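Listed here are the chains, written in short residue letters.
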Amino acid sequence: MKTCILVINCGSSSLKFAVIDALTRQAHLTGLAERLNDASASLTFRQGETRDTRPLEDGTHAGALHALIGLLEQAGLLPQIAAIGHRVVHGGEHFQASVLIDEAVIAQIEKCAKLAPLHNPAHLIGIRTALECFPGLPQAATFDTAFHQTMPEHAYYYAVPMALYREHGVRRYGFHGTSYRYVSQEAARILDKPPQEASFVCAHLGNGASVAAIRQGKSVDTTMGLTPLEGLVMGTRSGDVDPGLFGHLANECGMTAQEINDLLNKRSGLLGLSGLSSDCRELEQAAAEGHEGARIALEKFCYRLAKHLAGQLVAAGPIDALLFTGGIGENSAWVRARAVAWLEHFGFRVDASANAVCVRGQGGFIHAEGSTPILVINTNEELMIALDAAALAGVL
Ligand code: AMP
């Protein structure tokens, strides 16, 4: 029986892929085609101990997928592929779970493109190209927003006129849902509880960062909103600002909507505050060497994170554990310790030596005795996408 799933995450100039055996949950091949639609387009992959980068003769998305097919053939994996799973950022209110892709689903993803203009059109290119390249294979879509569709009204409405919600879909959607679903299920397994009985506050801290409240297995609130700009300080995104800032920048600085969008999405966050880098690891090094901007950026990051963790405790109710995941959450003992230090009077305390061990793929408990449990878990969104596609395609 074929049990491998090809997972595709297609961006405007990149295409990440993984071949995962849905039965063993092992990744056989992972890789990335980048700088697509540019002369320098290339394909990098990893299979076991082998790692290779090759230039892409045809640097389009279709060219990348054809090169990937060649790679799969070479690796003997092509006949094993039973289905394809696509990551899609925005599913709006329409998708509460992963679905098999057909024309109606494609039309809905297109409709949601207004809410995610940078992401959904790129996903559609990946989906359409994959349908052409792999005719007859079942293909599924997994949405970053779907897990948060259980949020109650009081969490997802903005306090703006309701007509904006009704006519333009202006509400909070939340993102990183696939990661939260994986991490919360994994945490429940570690705590030996049925997922539907386990409650968590979870911080997904990567270049994009958010916190979510998961109450008895369901998302009840999260810090990202209509777009992935709301909430925490991120690599290049500002997170929360006074909404009055938009008018101020337009009126006082003569900035256009596009310029304000760019400023808050691409030049703010850790990068804007530090004036140095959006990369947490680099900033930790620079701060240790006395860089003032790096210190301020990291302090702001941790303080905002702590405030949002506390905020999500309101939504989550009594929790089984506080969870950390994502590149920063899985690797930065300093960020975890600093953020949790603000939460001591909420009953959270980190154990310094347990915390120091949880880096580079090592997960585990990091709390001190008497604290509410705190767990570091390595996220695996690709595996979730693969398992969803496998279930929908009847592979498992
Ligand atoms: P992601 O988007 O999940 O890949 O996460 C990327 C972020 O994780 C970047 O800010 C990295 O600097 C950060 N990161 C990765 N490894 C470390 C580390 N050892 N210490 C601090 N930050 C790290």
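Only a predicted model underlies this, so the values are computations on that prediction, with no experimental measurement involved.

About the criteria used
- Residues numbered from 1 in each chain as written.
- Predicted model: local features only at pLDDT ≥ 70, side-chain atom pairs only at ≥ 80, totals over all residues.
- Heavy atoms only, no water.
- Axes fitted to C-alpha atoms, helices over the stretch in contact; angles between N-to-C directions.
- Helix = DSSP H or I, 4+ residues; strand = E, 2+ residues; numbered from the N terminus.
- Parallel < 35°, antiparallel > 145°, perpendicular 65-115°, else oblique.
- Left-handed = near helix turned anticlockwise from the far one by under 90°.
- Contact = heavy atoms within 4.5 Å.
- Nonpolar A, V, L, I, M, F, W, Y, C, P; charged D, E, K, R; others polar.
- Pairing = 2+ DSSP bridges.
- UniProt positions renumbered as here; feature names shortened; annotations may be inferred.
- Buried < 20%, exposed > 50% of the residue type's maximum accessible area, 1.4 Å probe, protein only.
- Core = buried A, V, L, I, M, F, W, Y, C linked by side-chain atoms within 4.5 Å.
- Near = heavy atom within 4 Å.
- Polar contact = N/O pair within 3.5 Å; in protein donor to acceptor, adjacent residues only side chain to side chain.
- Areas by Shrake-Rupley, 256 points an atom, 1.4 Å probe, with all protein chains shown as cover.

**Student:** Lay out the packing of helix α10 (residues 280–288) against helix α11 (residues 292–316) in plain terms, naming residues and giving numbers.
**Tutor:** At their nearest, the axes of α10 and α11 sit 8 Å apart, and the two run at 125° to each other. Here α10 is positioned oblique relative to α11, judged by the angle of their axes. Here α10 and α11 pass one another in a crossing that is left-handed. Residues C280, L283, E284, A286 and A287 of α10 touch α11, and the partners they reach there are A294, R295, A297 and L298. Each residue belonging to the contact of α10 with α11 can be placed in one class, and the counts come to seven nonpolar, no polar and two charged.

**Student:** So, the sheet that holds strand β14 (residues 374–376): which residues are in play, and what are the values?
**Tutor:** Pairing is mixed across the open sheet formed by six strands, whose spatial order is β11-β10-β9-β12-β14-β13. Either end of the sheet is taken by a strand with one partner, and the two such strands are β11 (218–222) and β13 (364–365). Sheet analysis places strand β10 (residues 209–215) next to β11, joined by four bridges and oriented antiparallel. From the neighbouring strand, A212 faces β11, where its bridge partner is T222.

**Student:** A description of the UniProt feature "site: Transition state stabilizer" (unreviewed entry) in the chain should follow, citing residues and the corresponding values.
**Tutor:** UniProt marks H176 and R237 with the feature "site: Transition state stabilizer" (unreviewed entry), using the numbering shown here. With relative accessibility at 11%, the residue H176 sits in the buried group. Contact partners of H176, with chain neighbours within four places excluded, come to D144, H148, H204, G208, A209, S210 and M224. By secondary structure assignment, the location of R237 is in the loop between β11 and α7 (244–253).

**Student:** Explain the environment of P135 to me, using residue names and the numbers behind them.
**Tutor:** Summarising the element assignment, P135 is placed in the loop between α3 (120–133) and β8 (139–143). C-alpha of P135 to C-alpha of S42: the two residues are 93 residues apart in sequence and 25 Å apart in space.

**Student:** Describe the nonpolar core, naming the residues involved and giving the relevant values.
**Tutor:** Nonpolar side chains tend toward joint burial in soluble globular proteins. Membership of the largest hydrophobic core comes to 42 residues, with the highest contact counts inside it found for L205, F301, L305, L322 and F324. Those elements that provide at least two residues to this core are β9 (200–205), β10, α10, α11, β12 (321–325), α13 (333–341) and β14. Setting aside its immediate chain neighbours within four residues, L305 contacts A203, L205, V211, L232, F324, V335 and A339. Counting residues in each nonpolar core, the second largest holds 31 residues, with I20, A140, F200 and I214 among its members.

**Student:** Describe in detail the site of the ligand, supporting the description with residues and values.
**Tutor:** What surrounds the ligand is the set G206, N207, D279, C280, R281, E284, G326, G327, I328, N331 and S332. Backbone polar atom of N207 to an oxygen atom of the ligand: 2.9 Å apart, as the coordinates give it. Contact distances for the ligand include 3.0 Å between an oxygen atom and a backbone N or O atom of C280. In the complex, 75% of the free accessible area of the ligand, which totals 510 Å², lies under the protein chains. Counting residues per element, the ones that place at least two in the shell around the ligand are α10 and α12 (326–331). No other element matches α12, which puts four residues into the shell around the ligand. Residue classes in the shell around the ligand are distributed as two nonpolar, six polar and three charged.

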